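Now for the letters of each chain:
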Amino acid sequence: MQPNYIVIMAECIHCGQDCGKNPVIWDEKPFCCNGCSMVYQILSEKKLDRYYDMMPTPGIRLDQENTSGTRYAYLDNDEIRLKLLDFSDGGISRVNLFIPAIHCSSCIWLLENMNTLHHGIMHSHVNFVRKEVSITFRESDISLRQLIELLHTIHYIPDISYNKEKKDDHQKANRRMIMKIGVAGFAFGNIMLLSFPDYLPGGEAIDELMAGTFGIVSFILALPVITFCSSDFFLSAFKSLRKKIINIDLPLSIGIISLFLESSYEIFSGSGTGYMDSLAGLLFFMLIGRWYQSRTYQSLSFDRDYRSYFPIAVTRLLDGKEDFVQLKDLKTGDLILVRNGELIPVDSILTDGEGNIDYSFVTGESIPVAKKAGDFVFAGGKQSGAAIKLRVEKEVAQSYLTQLWNEDKLGEEAGIQMQSIITKVSHYFTIVILAIAFSAGVYWSFSDFGKAVYVFASILIVACPCALSLTIPFTFGNVMRVFGRNGFYIKNTEVIEKLTHADTIVFDKTGTLTHSKSMNIGWEGASLSADEEQLLRSVARNSTHPLSVMVSEWLPVSALLSVDNYKEISGLGITGFVDGHRVMLGSRRFIAGNDASDESKISSVYVSIDNKLRGFFKMENHYRDGLSEVIAGMKHMQLHLLTGDNDSEEANLRAYFSPDTQLHFNQTPVDKLEYINELKKKGRNVIMIGDGLNDAGALLKADIGITIADDIYHFSPACDAILSSSKFGRLQDYLKFSKSAMKIVYASYLISFLYNTVGLTFAIQGLLSPVFAAILMPLSSISVVTFASLSVSMLSKARKF
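The rules behind these values
Residues numbered from 1 in each chain as written. Predicted model: local features only at pLDDT ≥ 70, side-chain atom pairs only at ≥ 80, totals over all residues. Heavy atoms only, no water. Pairing = 2+ DSSP bridges. Helix = DSSP H or I, 4+ residues; strand = E, 2+ residues; numbered from the N terminus. Axes fitted to C-alpha atoms, helices over the stretch in contact; angles between N-to-C directions. Contact = heavy atoms within 4.5 Å. Phe/Tyr/Trp six-rings, centres within 6.5 Å; stacked < 30°, edge-to-face > 60°. Buried < 20%, exposed > 50% of the residue type's maximum accessible area, 1.4 Å probe, protein only. Salt bridge = Lys/Arg side-chain N within 4 Å of Asp/Glu carboxyl O. Parallel < 35°, antiparallel > 145°, perpendicular 65-115°, else oblique. Nonpolar A, V, L, I, M, F, W, Y, C, P; charged D, E, K, R; others polar. Lys, Arg positive; Asp, Glu negative; His and termini not counted. Patch = residues over 30% accessible without salt bridge, like charges linked within 9 Å, V, L, I, M, F, W, Y side chains within 5 Å. Areas by Shrake-Rupley, 256 points an atom, 1.4 Å probe, with all protein chains shown as cover.

Caption draft 1: Layout of the sheet that holds strand 29 (residues 721-724). Overall, mixed pairing links the 7 strands, which are arranged 17-29-28-27-18-25-26 in an open sheet. The sheet is open, and its two edges are formed by strand 17 (488-490) and strand 26 (662-664), each paired on a single side. Shown here is a sheet whose adjacent strand axes are inclined to one another by a mean of 20 degrees, direction ignored. Note that strand 18 (residues 504-507) and strand 27 (residues 686-690) share 4 bridges and pair parallel. Counted as the bridge partner of Phe-507 is Ile-689 from strand 27. On the sheet, helix 16 (residues 493-501) packs against strand 17, strand 27 and strand 28 (704-709) and is oriented at approximately 110 degrees with respect to strand 17. Strand contacts of helix 22 (residues 669-681): strand 18, strand 25 (638-642), strand 26 and strand 27, with the helix running at about 165 degrees to strand 25, the strand carrying the most contacts.

So, in C-alpha cells, the structure goes:
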C-alpha cells in the first residue's frame, strides 16, 4: 500500500509529534514522516504492534541525516568488528550497544523481542538504567552491520564508540565492592551469632573450650575482613602518609588494626572472646556507605575524552574507491570523504565540494562557516550539506580537536585542589586521639600495664572515626540522589562540598544560557502574503543549512511546491524558481549586492522575490526559561560570561545581568581557559557552566565544571556535574541545597564529637571496657547515619525537591 497525502491535523501514531497539515497516511493512520510510517509497517508485519499498546506514541522520530547503505559499511572490517563484539566464537556473537533513545517500557519490550524481527537474533536483554541492550546473534544469518542497520530501521540508533575501557573499569570496581560487602556481611552475621552469649547475662558461664572454639572461629572469619575488605582503607591511609597528608582513613585504619590485634590477643591468650563482631560490623557499614556513594550515577560519564566523540571509522578514498579505515590508520596526505552530519576528525584541506562547517561543537559559534576548495578545515566541525573531500594535513593525535581536549591536563594536575572538610577534621582528630591514647597508656603503664593496654584499646575503639567517615557518604550520597531525581547529576561527594565554597560563576552563552537548537525569529520588511510564504518555505526546505531550516520551520505549514533550477551557493544563499517566481534567500550581499553595517553581528536571512528585496528574517538567541531567576538567585556571587559569539546579543544579555557583570565576547577555548586560570590565581572558587567541547579546558580548570545537556546520556565534556537543560531554572536552588546539606554535616560532626567526649571521659579513667566501647561504636554510627539521612529527606521535602 503506497502512502498518500491528505490535509488533516493529527498526532503521529509512532512518535506523537504533530503531523502538520499534510501527514503521511498508512492504513488510515497518520504519521509525521515516511520514517515513522515505515517503522509502523515493519512492526505490524511482524505482529509486534503490541509495542503501541504498552504506551501511547512510544516511538522515536528519526532526525534527518545520512541513512545511505554505506553508513555502517565500516562494520564489515574484521578489526573494527572484533573490537566492538563482547564475545564471538563458533559463529555466535554478542554485542553490547548504548542506545540513547531507550525511554519507556515499550522500548524494552520491542528490543527484547528483536528475535521476532530477524531469525538470526537469538536473544536480547535491555539494561534500562544504562540505556544499553545486549544482543546475541548468529553471524551466519545476520552480520553486525546488518544488526545495526536493523536497529537504525526501527529508529533505535546505537551510539557506537570504543569508549568501553572506563566502563569496564567501573563494572570491575563495582563487582569488587559488592564482593567486599558480601564478605563483610557474611562475617558480621556469623561472628555476631558466635558472640551472642557475651551480650547476655550469664554469658561468662559458658564452657571455656566452647568459648575458645567460638573465638578461634571468629578469628578465622575475621581474616578476610581485615585482609580483603579493609584493603582500600589501608591503601588510602598509606598513600596519604606518603604525601604527608592525614586523611580520615588513617585513624580508621589504626582503629581497625588495633581492634583486630586486641581481639586476637584476647582470643589466643584466653582472656576473652575479642571484638571481631564489632570489627566486621564496622567494615560492613563503612563499605555500604561507600557503595551507596559510588553507585549513584555510574550510567553517566563524567570523564569522557575526545575519542568518545570521534567516528570509529572514516571513508578513505584510494584510487577512486571508498575504503573504510580506523582513525589511527589515517596518515598525512590521505584523501577522505565526509558526508552530511559527519564530524571531521583531523585537520585537513578541502579539495572538492562546498564546505558548510558547523563549529558549534568546538567554538560555541552557532552559525556555520563556508569553506571552498583549498581552505584549511580544523578537526571538530561537522559538515552540513553535500559530501566533501578532504586531504589529511595532521594525524588524529596532532589535530586541533585533540590538542583542545588535552589543553589543561598538566595544568589540572599542577593545580591546588580544595582540601576536603573531612580531611581537615580527620587531620586534627587523628593527632588528638593518638595523643590522648598514648598519654593515657603511658600514664596507666606505671601502675598497671595490663590496664594500660585496656585503656589504650578502649580509647581507640570508642573514638573510632567511623561515625565521622560515614557522615559524608550518607549525607552527600542522599543529596546526590535527591539532585539526580531532579535532573542534576553529581560526579562525587567532593563536588557538593566544593559547591558550598563557590563564590564565582562563569557562564558560557551558546547552548548554556541559550537553546542550542532554537532561535527567536522575527520578520523585518513588507508583509508577506500566504502565497509568498508558501514560495519561501518550498525553497528553504531544500537546504540543510541551519538558518534555512529555521526559516522553513518558522513559516506557516503549507503544501510544498515543486522547485526548479534550485541552487545553493556556499556562504551566500539559495535560489530557485517556484511557479514561475524567482525566490532568493541568503545574505544581504547575495540578495542586494552589498553588506549591511551590522551584517557581521546579526544573524539574518534576506529575501528577494522576482528580484525585489522584500525584507529579512532576523535571528536572535532564545534564552532558557528561568534565566532571570537564576541570575537573581546568584546576586551574592561574582558573575562572568565568556562566549565565542560576537557581541550582537550584548544588549539582550545586559537585561539579565547587573551592570558590573563582565561580559566577554569572541572568546576562543584557550581564552576561556586562561580567564578561569586568572580568576583562580586571585583566590576565587570558580564554577564554570558550559555545554560543548569549546568549554572543555575551562570546565577542567574550574573548581567545579557543570555541563548543560539536553540529553544527559549523550554528550558531556569532562566535567564534575551534568545538569539537565530542562532544570536550568533551578540552578540556584541546587547551590542553596548544597549549603544546607553542609550544615547537616556539621551537625552530624557535633553529635559525633559529643559522643566521643563522653566516651573518652570514661575510657581515660579506665571505667569503659573495650566490650562496652565496641557496643557504643556502631550505635553512634547508626545514630549519625539516621540523623543525616532523615535530615536530607526532610530538607528535600521542605525545598520541594
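After that view, the rundown keeps rolling.
Caption draft 2: Up close: the packing of aromatic side chains. Under the definition given, this model contains 15 aromatic pairs. When the ring of Phe-219 is compared with that of Phe-260, the centres are 5.7 Å apart and the planes differ by 25 degrees; the resulting orientation is stacked. On the criterion of sequence distance, the pair formed by Phe-219 in helix 7 (residues 208-229) and Phe-260 in helix 9 (residues 249-269) is long-range, its members being 41 residues apart. On the accessibility criterion, Phe-260 (12% relative accessible area) is buried.

Caption draft 3: Just the pattern of salt bridges, in detail. In total, this model carries 15 salt bridges according to the counting rule given. Note that Glu-149 and Arg-145 form a salt bridge whose closest N and O atoms lie 3.1 Å from each other. With Glu-149 and Arg-145 both in helix 5 (residues 144-153) and 4 residues apart, the pair spans about one turn of that helix. Residue class for Arg-145 comes out buried when judged on its relative accessible area of 19%. Of the charged contacts, one joins Asp-508 and Lys-672 as a salt bridge, the two residues approaching to 3.0 Å between their closest N and O atoms. In this pair, Asp-508 is assigned in the loop between strand 18 and strand 19 (514-525) and Lys-672 in helix 22, connecting sequence segments 164 residues apart. By relative accessible area, Asp-508 is classed as buried at 1%. A relative accessible area of 0% means that Lys-672 is categorised as buried. Put simply, Asp-76, Arg-145 and Glu-149 are held in one network by salt bridges that share partners.

Caption draft 4: Geometry of the packing of helix 7 against helix 8 (residues 231-242). At a minimum axis separation of 5 Å, helix 7 and helix 8 run at an interaxial angle of 40 degrees. Considering their axes alone, helix 7 and helix 8 lie oblique with respect to each other. Facing Ile-226, Thr-227, Phe-228 and Cys-229 of helix 7, the residues of helix 8 in contact are Ser-231, Phe-233 and Phe-234. Residues of the contact of helix 7 with helix 8, tallied by class, amount to 5 nonpolar, 2 polar and no charged.

Caption draft 5: View of helix 5. Summarising burial for helix 5: 7 of the 10 residues are buried, a large majority. Inspection of helix 5 places Leu-144, Arg-145, Leu-147, Ile-148, Leu-150, Leu-151 and His-152 among the buried residues, and these make up the whole buried set. Of the residues one or two after helix 5, His-155 is the one with positive phi, at around 75 degrees.

Caption draft 6: Region of the structure containing the side chain of Asp-347. With respect to the helices, strands and loops of the structure, Asp-347 is situated in the loop between strand 10 (335-338) and strand 11 (348-352). Of the side chains with opposite charge, Lys-394 comes closest to the buried, unpaired Asp-347, at an N-O distance of 4.2 Å.

Caption draft 7: Examining a nonpolar patch on the surface more closely. On the surface, Ile-216, Ile-220 and Phe-268 cluster together to form a nonpolar patch covering roughly 290 Å² of accessible area. On the secondary structure map, Ile-220 appears in helix 7.

Caption draft 8: Just the pairing of strand 29, in detail. Side chains Ala-721 and Leu-723 project from strand 29 onto one buried face, and the interleaved Ile-722 and Ser-724 project onto a second face that is buried too. One ladder, built from 4 bridges, connects strand 28 with strand 29; its direction is parallel. Within the sheet, the bridge partner assigned to Ile-706 lies in strand 29 and is Ala-721.

Caption draft 9: Molecular detail of the packing of helix 16 against helix 24 (residues 731-764). For the pair helix 16 and helix 24, the least separation of the axes is 8 Å and the interaxial angle reads 105 degrees. Taken as axis vectors, helix 16 and helix 24 run roughly perpendicular relative to one another. Residue-level inspection shows Ile-496, Glu-497, Leu-499 and Thr-500 of helix 16 in contact with helix 24, the latter providing Leu-735, Ser-738, Lys-739 and Met-742. Grouping the amino acids of the contact of helix 16 with helix 24 by side-chain chemistry returns 4 nonpolar, 2 polar and 2 charged.

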